[in-house]
Amino acid sequence: MGRIVVWDDGCAFCRAWVERARRLDWLRAHEFIGASEPEAYDGTGLTREQTAEAMQLVWPGGRASGFDAVRRILLRLPLTALPALLLWLPPVIWLGPMMYRRVAARRHCLYTPGRGQAQS
């Protein structure tokens, strides 16, 4: 098992984010699996409750969720690796999880498919 990202594939906002991450994952460091797929739970140790709450990143010997998962994913993408280091600095490391939870709570209304932009 490599680095597996389990995400909410029923969410248009999440889908747009994952599509961008896939395009930037030139080294194929991650396998992106939608939470509705059975393989998202085979051998990952994840529950449906965890995947409904936040994006999950699982790798041999570890797991990250939410903001921590996002920053670890960005750290492995060639174009975002250096800027991702900023996500470990104060105050980002403190504010990031709060901002992630806020976006996650509203993710179904943030993005309208076909419009390609956030709603006001």
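What counts, and at which threshold
Residues numbered from 1 in each chain as written. Predicted model: local features only at pLDDT ≥ 70, side-chain atom pairs only at ≥ 80, totals over all residues. Heavy atoms only, no water. Helix = DSSP H or I, 4+ residues; strand = E, 2+ residues; numbered from the N terminus. Contact = heavy atoms within 4.5 Å. Areas by Shrake-Rupley, 256 points an atom, 1.4 Å probe, with all protein chains shown as cover. Disulfide = S-S within 2.5 Å. Buried < 20%, exposed > 50% of the residue type's maximum accessible area, 1.4 Å probe, protein only. Expected span 1.5 Å × (residues − 1). Pairing = 2+ DSSP bridges. Axes fitted to C-alpha atoms, helices over the stretch in contact; angles between N-to-C directions. Polar contact = N/O pair within 3.5 Å; in protein donor to acceptor, adjacent residues only side chain to side chain.

Asker: Any chance you could explain the overall build of the protein chain here in plain terms?
Answerer: In terms of helices and strands, the protein chain carries five helices and four strands. For the protein chain, the N- to C-terminal ordering of α and β elements is β-α-β-α-β-β-α-α-α. Look at the contacts in the protein chain between residues 6 or more apart in sequence, and 56% of them connect residues 24 or more apart. Per element, the accessible surface of the protein chain, about 7300 Å² overall, is 59% carbon and sulfur.

Asker: Would you explain the state of the cysteines in this entry?
Answerer: The tally for this structure, following the rule as stated, stands at zero disulfides. We note that C14 lacks a disulfide partner, and the nearest cysteine sulfur, in C11, lies 3.0 Å from it. When its relative accessible area of 13% is taken as the criterion, C14 is described as buried.

Asker: Help me understand helix α1 (residues 12-24), please; the structure alone is not making it clear to me.
Answerer: Three or four residues apart is the spacing at which side chains of an α-helix point the same way, because the helix has 3.6 residues per turn. For α1, spanning 13 residues, the distance from its first C-alpha to its last is 19 Å, which sits close to the expected 18 Å at 1.5 Å a residue. Where α1 is concerned, the buried positions are A12, C14, A16, V18 and A21.

Asker: Where do I start with the sheet that holds strand β3 (residues 56-59) in this structure?
Answerer: Strand pairing in a sheet relies on backbone hydrogen bonds. The paired strands run either parallel or antiparallel. Strands sit in the order β2-β1-β3-β4 across an open sheet of four strands; the sheet is mixed. Each edge of the open sheet is held by one strand with a lone partner, namely β2 (30-34) and β4 (62-65). The average angle at which neighbouring strand axes cross in this sheet is 20 degrees, direction not considered. Where β3 lies against β4, four bridges are found, and the strand directions are antiparallel. Bridge assignment links V58 to a residue of β4, and that residue is R63. Contacting β1 (3-7) and β2, α1 crosses the sheet at an angle of about 155 degrees to β1. Here helix α3 (residues 66-75) sits on the sheet in contact with β1, β2, β3 and β4, set at roughly 110 degrees to β4.

Asker: It is not clear to me how unusual backbone geometry should be interpreted in this structure. Could you clarify?
Answerer: Of note, the amide linkage connecting P90 to P91 takes the cis form, showing an omega dihedral of 0 degrees. One non-glycine residue with positive phi stands out, namely R28, at about 55 degrees.

Asker: What is the right way to look at the side chain of T51 in this model?
Answerer: With respect to the secondary-structure elements, T51 resides in helix α2 (residues 48-53). Taking the relative accessible area as the measure of exposure, T51 reaches 4% and is therefore buried. At 2.9 Å, the side chain of T51 and the side chain of Y41 are in polar contact.

Asker: Please explain the pairing of β3 as it appears in this structure.
Answerer: Along a regular strand, successive side chains alternate from one face of the sheet to the other. Burial along β3 is two-sided: Q56 and V58 and L57 and W59, pointing in opposite directions, are all buried. Where β3 folds back on β4, the antiparallel hairpin that results is connected by two residues, among which G61 adopts a positive phi of roughly 90 degrees.

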